[in-house]
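# Residue-level structural notes
As a plain string of letters, each chain reads:
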There are 2 protein chains.
Amino acid sequence: MARVVVDVMLKPEILDPQGKAVHGALPRLGFEGVSGVRQGKRFELELEGELTSARLAEVHAIAEKLLSNPVIEDFAVHVEEHEGSPA
Amino acid sequence: MARVVVDVMLKPEILDPQGKAVHGALPRLGFEGVSGVRQGKRFELELEGELTSARLAEVHAIAEKLLSNPVIEDFAVHVEEHEGSPA
């Protein structure tokens, strides 16, 4: 079992109204000194069996085709934990 | 300038229909071997000035009060990059 995380964020040049809303709410709650907020998505995928480079490439394909919209979003894939065969 | 990331995920015992929908779509797209998918949120906060432990505590408060619902969600705070004073 391995847990692979896919982070999907809007590209920097794309307006992020959710992040803007959070940013606007901060001073009202008494928090100063935050110059920007961006909101994105985080997916945790539990993979069966061993994590091979072929499996990781498959996760990249999943991220590109299903989890993100490559026109407006960037994604990053990273392995979070690797149960059963601790490194 | 420092970038702090807050990951917000539904607690494990809370049903995640978005993750379930993604999981259900995978075999239809030809991807096998994924035993589970959970979907959550990722916030990137740009902080002005230096990142002190007091600022980090403030981000924890922001995560708890504004970015997550502690009844159904867990959050994790981590520092992604630290421009100006590379560690």
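Okay, so let's go over this structure. (Residues numbered from 1 in each chain as written. Chains lettered and ligands numbered in written order. Predicted model: local features only at pLDDT ≥ 70, side-chain atom pairs only at ≥ 80, totals over all residues. Heavy atoms only, no water.)

What chain A contains, in helices and strands, is two helices and three strands. Shown N-terminal to C-terminal, the secondary structure of chain A runs as helices and strands in the order β-α-β-α-β. Its C-alpha atoms give chain A a radius of gyration of 17 Å, clearly above 12 Å, the size a compact globule of 87 residues would have. On the principal axes, the C-alpha backbone points of chain A span a range of 50 × 30 × 15 Å. Scored against the burial criterion, the 87 residues of chain A give a buried share of 41%. Counted over contacts in chain A with a minimum sequence separation of 6, partners at least 24 positions apart contribute 72%. On chain A, roughly 4700 Å² of surface is accessible, and the fraction owed to carbon and sulfur atoms is 56%. (Helix = DSSP H or I, 4+ residues; strand = E, 2+ residues; numbered from the N terminus. Rg over C-alpha atoms; globule rule 2.2 N^0.38 Å. Buried < 20%, exposed > 50% of the residue type's maximum accessible area, 1.4 Å probe, protein only. Contact = heavy atoms within 4.5 Å. Areas by Shrake-Rupley, 256 points an atom, 1.4 Å probe, with all protein chains shown as cover.)

All names here are of chain A. The terminal C-alpha atoms of helix α2 (residues 53-67) lie 19 Å apart, and with 15 residues this matches the ideal 21 Å at 1.5 Å per residue to within 8%. Those residues of α2 not exposed but buried are Arg55, Val59, Ile62, Ala63 and Leu67. All buried residues of α2 project into a common sector of 100° when viewed along the axis, lining one side. Residues Ser53, Ala54 and Lys65 are exposed on α2 and point more than 90 degrees away from its buried face. (Expected span 1.5 Å × (residues − 1). Arc of directions from axis to C-beta.)

At the junction of the two partners, chain A supplies 32 residues and chain B supplies 31 residues. Here chain A meets chain B over a buried area of about 2800 Å², counting both sides, of which 63% is carbon and sulfur. When the area that chain A buries against chain B is broken down by residue, the three leading residues are A:Phe31, A:Arg42 and A:Leu66, summing to 21%. On the surface where chain A and chain B come into contact, there are two salt bridges. Measuring nitrogen to oxygen at the nearest pair gives 3.0 Å for the salt bridge that ties B:Arg42 to A:Asp7. Here chain A and chain B share 14 residue pairs in polar contact (both at pLDDT 80 or more) between them. For the side of chain A that touches chain B, a count of residues per class yields 16 nonpolar, five polar and eleven charged. (Buried area = accessible area lost by both parts, 1.4 Å probe. Salt bridge = Lys/Arg side-chain N within 4 Å of Asp/Glu carboxyl O. Polar contact = N/O pair within 3.5 Å; in protein donor to acceptor, adjacent residues only side chain to side chain. Nonpolar A, V, L, I, M, F, W, Y, C, P; charged D, E, K, R; others polar.)

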